[in-house]
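The chain contents come next:
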Amino acid sequence: MASANAYKLRCSIPGHEMDVRGLASAVFPDGAFVSVSRDRTGRVWVPNSSPDNGFTEMHSLSGHSNFVSCVCIITPSETYPRGLIATGGNDNNICVFTLDQSQPLFTLTGHKSTVCTLSSGKFGTLLSGSWDTTAKVWLNEKCMMTLQGHTAAVWAVVILPEQGLMLSGSADKTIKLWKAGRCEKTYEGHEDCVRGLAVISNTEFFSCSNDTSIRRWLVTGECVQVYYSHTNYIYSLAVFPNSQDFISTGEDRTLRIWRQGECTQTIRLPAQSVWCCCVLPNGDIAIGASDGIIRVFTPVEDRMASPEDLQAFEDELSKTTIDPKTGDLGDIKIEDLPGREHLNEPGNRDGQTRLIKDGQKVEAYQWSVSDDRWMKIGDVVGGSNQQTSKSVVYEGKEYDYVFTIDVNEGGPSMKLPYNLSEDPWLTAHNFLQKNDLSPMFLDQVANFIIENTKGHVVGPAPPAGGDPFTGGARYIPGASDDRPGFGGDPFTGSGRYIPGSGPTPSAPAGVADPFTGGGAYSSAAFRQTATNIYFPKTDGVTFEQANSSQIMAKIKELNGDAPQEHRLTEELLESLERLLVSVSEPNSSKSPPTIQEINLLWKAAHWPEEIVFPVLDIMRLAVRHPQVNESLCGESEGVQLCNHLLSLMRPEGRPANQMLALRTLCNCFGGRHGRALLMAQRETVLSRAADLTGVCNKNIHIALATLVLNYAGCLHSQPDLEAKAQCLSVASRALETVQDKEAVFRLLVALGTTVASDQTAQDLARSLGVNSQISKYSAVSDPSKVAECCKLVLKELQ
């Protein structure tokens, strides 16, 4: 039962190096709990018998390659009588541990983005929710079903006591009830992301949201009560064993304790984001926060911290800094605030805040009913968004400005102090490093500083544009490297065959619209008319360029060194050459390829990997031809072709083969059978292609981006959310590593094509953080098409 006594600090546990994002009470040992953190670890804590009533780390859990976001305990079974620990992470995986091992017992894979919530049910069932907009049901190491229906990230899931009923809460502001994998009901009422769910009984549950409210629902659909007290995002909920009283934590730096429907105690924390909470079996409360510290609070006097530790906690709290927009402080006018004498008047309720003026400083105090006094909870350092006083003290130093920066949707605010004498770019760089944020935000943060300090940067006008894919009159992907003499024969000086190379086309005098073939396109005209010539791009982009004589010369050269069983006779070489000639111009009046020639190509494509690349180049050209496309991409042969190309795309494979296999897949989209094949094999193909984002090769990146673009084009008019989610996920993952501007451009076109005129896809992209990820490309001046396309994508996502 929830005690009527006020909660006070029991202990602080500084075990993690970064934000503590999840907590769960363990079945064994008695009183133990598990924490997970952005430091990529989980930790098992057991109560110790020392006088400080603290906890000892039993062991650390490792297995994730990225931040760990959530944790739950899987119900004990005959096989695992102490239960299992499940953790979800930003690596898209779920790791499952026994209570006494630091490495996973097994790993569950299947989600396409961050796993941010977990819940366990009877018989070992595990329910997971992800930024990929789905929830998944797992049993015995297998995914039993995928729950699809939300249009944005699934932030919260819970399994109800009644068998088969599950709940999911989403950034699309709704909660859904699922039974047997089917959505039975949608609950609407929250005005922002649903962040947490907690079971009250078979028939009732709580939800919390970024809209600062907590709601109590009947499973039948009625919202029976709304609770208000928090002043910012609410991240987590936990219910006491009496199934009525509960606790909540959020972005307003508080833990709030609710009894009989009223907030009876507010505990402020010296950390901005209080991410998670759990109720321990003895009624104590554990909370995890953005400062990496776990704090345990107790209503039992014998377990409370020593007077010295309680005073140290209060002192730490009093030294924190507060931005008014994160608390119920209102607009601040220093001249209207009362002085310290205002603290002689008692407060009206627990947690009430009061601002007082001390010279030119503003201090915040909170009323404590249990202590019958005002406690200092921090110094107020900003206005509603920023502070423009010339002497803002932050972390002991004076600054001209202290900004509040919101980097991630639904994430914590961060403080950015700045002096006008500083370089905004260096300040932005240092801010990102300090807060462990991606360098991709550099432009965004620096421009924010410049804009909000009345600074400005005037960039050069973008040059008049050409075809946004190549700068030429038509799309030619295989332009040669621009280094002088690249590809020249070192002995004769003449050209040699290099896969993916070719003559650089000269730019025409008048550049045609790349998608319609209409009038000349210019950057200036684009800005005046705001015409979107980039997306949606629904016709496939293919790799056309080739030098047939060089390809055949290389095949004949390598044929001489080929193993006997693979070597081609002169007659077969001539047959292969005829095929190459006939497919070089697939719509010409030349004789079409024969079945024998197509079979020969398929056989030659199985040459050893070190010599197969020129054959792949022929295949890349051949699949554009209608007859070859039908023959190689048909129902029975198509899967074999797909599997063969995917085997050549292994991350440890040869770059030339990887690139040409990707280009072949892209060119398959040029025919009806190829499109049908690749749509049927989408999940496997895009998953393997995504593994090549880490290969440092611009030609591979361009081919990968083109593949994603072609899939986006085929999916544009289809309501397939899972497929679009995969396109968005792969494009987003590629943009983390791709540097080549052409590849970046094609990925932007793919993103634009995916979200164009599709509200659901737009919501999904927003929930994945695509806006902040691509915003830096809006400042790219060369080529101008990158910035122009980026701005159009951002406009779609507004």
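**Things to note about the sheet that holds strand E27 (residues 285-289)**
If you walk across this open sheet you meet the four strands as E1-E28-E27-E26, and the pairing is antiparallel. Both outer strands of the open sheet, strand E1 (8-13) and strand E26 (274-279), are each paired with one neighbouring strand and no more. Ignoring strand direction, the axes of neighbouring strands in this sheet form an average angle of 25 degrees. Strands in contact with helix H1 (residues 307-318) are E1 and strand E28 (294-298); relative to E1, the strand with the most contacts, it is inclined by about 80 degrees.

**What to know about the side chain of Ser 273**
Along the chain, the position of Ser 273 falls in the loop between strand E25 (262-268) and E26. Judged by its relative accessible area of 0%, Ser 273 falls in the buried class. Looking at Ser 273, its side chain comes within polar contact range of the side chain of Glu 251, at 2.6 Å.

**Here we look at helix H19 (residues 784-796)**
Between its first and last C-alpha atoms H19 spans 19 Å; for 13 residues at 1.5 Å apiece the expected length is 18 Å, and the two agree. Three or more residues of H19 are buried, namely Ser 784, Lys 785, Val 786, Ala 787, Glu 788, Cys 789, Cys 790, Leu 792 and Val 793.

**As for the pairing of strand E12 (residues 135-139)**
Of all the five residues making up E12, four are buried; the element is thus mostly covered by neighbouring parts of the structure. In terms of strand pairing, strand E11 (residues 126-130) meets E12 through four bridges, oriented antiparallel. Counterpart to Gly 129 in the pairing with E12 is Ala 135. Between the end of E11 and the start of E12, which pair antiparallel, lie four residues, with Thr 133 showing a positive phi angle near 80 degrees. In this structure, the hairpin formed by E12 and strand E13 (residues 142-147) is closed by a connection of two residues, where Asn 140 is found at a positive phi of approximately 55 degrees.

**Details of the confidence of the model for the chain**
Confidence along the chain averages 83 in pLDDT terms, with 81% of residues attaining 70 or more. This model gives residues 383-390 a pLDDT under 50, and the stretch forms 25 contacts once residues within four places in sequence are excluded. The low-confidence segment residues 503-529 (pLDDT under 50) makes 49 contacts with residues lying over four places distant or belonging to another chain.

**What about the pattern of salt bridges?**
As enumerated under the stated definition, the model contains 27 salt bridges in all. The closest approach of N and O atoms between Lys 537 and Asp 539, which form a salt bridge, is 3.1 Å. Put simply, Lys 724 and Asp 758 hold a salt bridge, and the shortest N to O gap is 2.4 Å. Here Lys 724, found in helix H15 (residues 721-735), pairs with Asp 758, found in the loop between helix H16 (741-755) and helix H17 (759-767); they are 34 residues apart in sequence, far enough to count as distant.

**A look at the packing of helix H14 (residues 698-715) against H15**
In helix packing, the relevant descriptors are the interaxial angle and the interaxial distance, both defined with respect to the helix axes. Close contact between H14 and H15 brings their axes to 10 Å; oriented N to C, the two are set at 155 degrees. What the angle tells us is that H14 and H15 run roughly antiparallel. H15 is crossed by H14, and the crossing has left-handed handedness. Two secondary-structure elements touch here, H14 through Leu 704, Val 708, Tyr 711, Ala 712 and Leu 715 and H15 through Ala 723, Lys 724, Cys 727, Val 730, Ala 731 and Ala 734.

**Here's the deal with the sheet that holds strand E19 (residues 204-209)**
Within the open sheet, the four strands sit side by side as E18-E19-E20-E21. Their pairing is antiparallel. Strands with a single pairing partner mark the edges of an open sheet, and in this sheet they are strand E18 (194-199) and strand E21 (223-228). Mean inter-strand twist for the sheet, computed between neighbouring axes without regard to direction, equals 20 degrees. Across five bridges, E19 lies against strand E20 (residues 213-218) in antiparallel orientation. Across the sheet, the residue bridging to Phe 206 is Arg 216, located in E20.

**Considerations on the packing of aromatic side chains**
We describe a pair of aromatic rings using the distance from one ring centre to the other and the angle between the two ring planes. What the rule picks out here adds up to 17 aromatic pairs. Ring geometry for Phe 206 against Tyr 227: centres 6.0 Å apart, planes inclined by 70 degrees, an arrangement best described as edge-to-face. With Phe 206 in strand E19 and Tyr 227 in strand E21, this pair connects stretches of sequence that are 21 residues apart. With a relative accessible area of 0%, Phe 206 lands in the buried category. With a relative accessible area of 3%, Tyr 227 lands in the buried category. Pairing Tyr 227 with Phe 246 gives two aromatic rings, centres 5.3 Å apart and planes at 75 degrees, and the pair type is edge-to-face. In this pair, Tyr 227 is assigned in strand E21 and Phe 246 in strand E23 (residues 246-250), connecting sequence segments 19 residues apart. Using a relative accessible area of 1% as the deciding quantity, one classes Phe 246 as buried. Following the ring pairs from residue to residue traces out a cluster consisting of Phe 206, Tyr 227, Phe 246 and Trp 258. The lysine or arginine in question, Arg 38, covers the ring of Phe 67, its NZ or CZ lying 4.2 Å from the ring centre.

**Regarding the environment of Asn 53**
Counting through the fold element by element, Asn 53 comes out in the loop between strand E4 (42-47) and strand E5 (55-61). Under the relative-accessibility criterion, Asn 53 is labelled buried at 17%. Between the C-alpha atoms of Asn 53 and Arg 10, which are 43 residues apart in sequence, the distance is 6.8 Å. Residues within four places of Asn 53 in sequence aside, it is in contact with Arg 10, Cys 11, Asn 48, Asp 302, Arg 303 and Met 304. Looking at Asn 53, its side chain comes within polar contact range of the main-chain oxygen of Asp 302, at 3.2 Å.

Scoring rules and cut-offs
- Residues numbered from 1 in each chain as written.
- Predicted model: local features only at pLDDT ≥ 70, side-chain atom pairs only at ≥ 80, totals over all residues.
- Heavy atoms only, no water.
- Pairing = 2+ DSSP bridges.
- Helix = DSSP H or I, 4+ residues; strand = E, 2+ residues; numbered from the N terminus.
- Axes fitted to C-alpha atoms, helices over the stretch in contact; angles between N-to-C directions.
- Contact = heavy atoms within 4.5 Å.
- Buried < 20%, exposed > 50% of the residue type's maximum accessible area, 1.4 Å probe, protein only.
- Polar contact = N/O pair within 3.5 Å; in protein donor to acceptor, adjacent residues only side chain to side chain.
- Expected span 1.5 Å × (residues − 1).
- pLDDT = per-residue confidence, 0-100.
- Salt bridge = Lys/Arg side-chain N within 4 Å of Asp/Glu carboxyl O.
- Parallel < 35°, antiparallel > 145°, perpendicular 65-115°, else oblique.
- Left-handed = near helix turned anticlockwise from the far one by under 90°.
- Phe/Tyr/Trp six-rings, centres within 6.5 Å; stacked < 30°, edge-to-face > 60°.
- Lys NZ or Arg CZ within 6 Å of the ring centre and 35° of its normal.

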